[in-house]
Structure formats: C-alpha cells, structure tokens
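A closer look at the structure
Residue strings, one per chain:
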Amino acid sequence: MSTIPSGVNQLESKVGGLTVHSKVHSLSAWFVLALRLMMGYAFAYSGFTKITGEFAAGGYLSKVAATNGNPLADMFAWMGSTPWFVDFANVAVPWGELFIGLGLLVGALVRLAAFFGALMMLMFYFGNWDVAHGVINGDFAYMLVFLAVAAFAAGRILGLDQYIERYDIGGQALVERYPALEYILG
C-alpha cells in the first residue's frame, strides 16, 4: 500500500474495518463550491417563487403521490388529508426552500441546510415516485448533491461557516468550545 505524502489534497475515511484513501485534484474545492452555489440558487429561487406565487401542498400530497405506485402513498394521503399538516407544509416547504437556499448561498450553517435539503429531496423523491427509467432520478441525485455538500464542508469554501467556526468566545474558537456545532457548520 502506498502512502499519500502530507501536504497533498487528500481524503481518508474509515468505516468499520475498511479504510479508503484518495488524492483529490486542486480544483475540487471549486467544484464543491459550485455544487453548493447551484443548489443554493435552485432552492432559494424555488422557495421565493412559491412564497410570492400561489403554492398549495394539499393537492400534491393527497393526489399525485397516490396515483404513481408510490410505496409511501398511504403516508402522503394522510399528510394531504390532515389539515394541520397541509397548513404546516404550505409554510415549511417554501420558507424551508428559501432558507436552505440562502444558507447555501452565503455558506452559513451549511451542514444543517444540506441535511434539510437532502430530507426535502428524499420526500420529493417519494412524492414524485416514478421508476419507469430506473430508481435514480433528479430528486435522488439532488439528495446526493446535498449530502456531498455537507460531507465536503462546503461552507468553509468562501462561506461564512469558516468565520463562524473561528468566532472567539473567551479565547476559544466557537467549535472548540461547542464541538457539536461541527455537525451544523461546515
């Protein structure tokens, strides 16, 4: 097994008894930034147009998901027929998209934003269920993009998370004082 010299852009991960190593190209950070900005713009724009237009989740939840062979059709039917949930979705979806998008665009709370973006894309994946061309579709791919943005700590690349993490509290960086914040920043 060869060793990757220190100072080279590298990745290493250990899961169970398996360790993987890889060198990454010096342009990788720019591509991770591009993914973050692309998803940020897409979600901010989508949320903004829903907020300023007419958005109603009830019909989608109760009708669309039930007609396409969705394995979660009963859950979507329940969501669409439960008034408090429809009211919640009518607010959470557009505002969630907007805030997720803005967080990604400015690079703040990126892991938290990416987690909720991936969760929304998972729900859209099942809501738009169609396996006529295979189980991988755009919703699934976008979910993976969100997870990659989180995994690569894209908020540290020309984003506010790099400054938030280093914010000084009593002579100690914020993430050193509160290590759990690494799960939402980065």
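Residues numbered from 1 in each chain as written. Predicted model: local features only at pLDDT ≥ 70, side-chain atom pairs only at ≥ 80, totals over all residues. Heavy atoms only, no water.

1. Focus: the overall build of the protein chain
This is how the line gets drawn: For the purposes of this entry, the term helix denotes a DSSP run of H or I that reaches at least four residues, the term strand denotes a run of E that reaches at least two, and both are numbered from the N terminus. Buried means the residue's accessible area, taken with a 1.4 Å probe over protein chains only, is under 20% of the maximum for its type, while exposed means over 50%, and partly exposed covers the values in between. A contact between two residues is defined here by any heavy atoms of the two lying within 4.5 Å.
Check the secondary structure of the protein chain and you find 8 helices and 4 strands. Taken from N to C terminus, the helices and strands of the protein chain fall in the order β-β-α-α-α-α-α-α-α-β-β-α. Based on the C-alpha atoms only, the size of the protein chain along its principal axes is roughly 55 × 45 × 30 Å. Burial status across the protein chain gives 34% buried among its 186 residues. The contacts of the protein chain with a sequence gap of at least 6 include a subset with a gap of at least 24, amounting to 63%.

2. Remarks on the packing of helix H3 (residues 73-81) against helix H4 (residues 83-106)
For any two helices packed against each other, one specifies the inter-axial angle together with the distance between the axes. This is how the line gets drawn: For helices, the fitted axis covers only the stretch in contact; all axes are lines through C-alpha atoms, and the angles between them, taken along N-to-C directions, range from 0 to 180 degrees. Should an angle fall under 35 degrees it is called roughly parallel, over 145 degrees roughly antiparallel, and 65 to 115 degrees roughly perpendicular, with every other angle called oblique. Nonpolar residues are Ala, Val, Leu, Ile, Met, Phe, Trp, Tyr, Cys and Pro. Charged residues are Asp, Glu, Lys and Arg, and all others, Gly as well, are polar.
Here H3 crosses H4 at 90°, and the two axes come no closer than 5 Å. One way to sum up the angle between H3 and H4 is to call them roughly perpendicular. Packed against H3, whose contacting residues are Trp-78, Met-79, Gly-80 and Ser-81, the element H4 presents Pro-83, Trp-84, Phe-85 and Val-86 at the interface. A class-by-class count of the residues in the contact of H3 with H4 yields 6 nonpolar, 2 polar and no charged.

3. A closer look at the environment of Asn-128
Quick note on the threshold: Polar contact criterion, stated in full: a pair of N or O atoms within 3.5 Å, where within protein one must be able to donate a hydrogen and the other to accept it, and residues adjacent in sequence count only if both atoms are side-chain atoms.
Locating Asn-128 in the fold gives a position in the loop between helix H5 (110-127) and helix H6 (138-151). Classification of Asn-128 as partly exposed rests on a relative accessible area of 33%. Once the C-alpha coordinates of Asn-128 and Asp-139 are considered, the two residues, 11 residues apart in sequence, prove to be 8.3 Å apart. Among the polar contacts listed, one links the side chain of Asn-128 to the side chain of Asp-139, at a separation of 2.9 Å.

4. Here's the deal with helix H1 (residues 28-52)
The test is simple: Multiplying one less than the number of residues by 1.5 Å gives the expected span of a helix.
Over its 25 residues, H1 extends 36 Å from the first C-alpha to the last, a length consistent with the 36 Å expected when each residue adds 1.5 Å. When we look at burial in H1, the residues that qualify are Val-32, Leu-33, Arg-36, Met-39, Gly-40, Phe-43, Ala-44, Ser-46 and Gly-47. Taken together, the buried residues of H1 touch H4, H5 and H6.

5. Some thoughts on the layout of surface pockets
With a probe scaled to a water molecule rolled over the atoms, the places where space remains empty come into view. Quick note on the threshold: Buried and open spaces are told apart on a 1 Å grid over the protein atoms alone, a cavity being a set of points where a 1.4 Å probe fits but cannot get out and a pocket being an open set with protein on both sides within 12 Å along at least five of seven lines. Residues with an atom within 4 Å of a point are the lining residues. Grid points are joined across faces, edges and corners, and a volume is the space filled by probe spheres set on the points.
Considered as a void within the structure, the largest pocket measures approximately 500 Å³ in volume. Lining the largest pocket are 22 residues, and of these Ala-89, Val-93, Met-120, Met-123 and Phe-124 lie nearest its centre. If you list the elements that add at least two residues to the lining of the largest pocket, you get H1, helix H2 (57-64), H3, H4 and H5. Examining the composition of the lining of the largest pocket, we find that 8 residues originate from one element, H4, more than from any other. Among the residues forming the lining of the largest pocket, the class breakdown is 18 nonpolar, 2 polar and 2 charged. Approximately 210 Å³ is the volume attributed to the second largest pocket. Lining the second largest pocket are Asn-9, Leu-11, Val-24, His-25, Ser-26, Ser-28, Ala-29, Val-32, Ala-151, Phe-152 and Ile-157.

Limitation: the analysis is restricted to geometry and does not speak to function.
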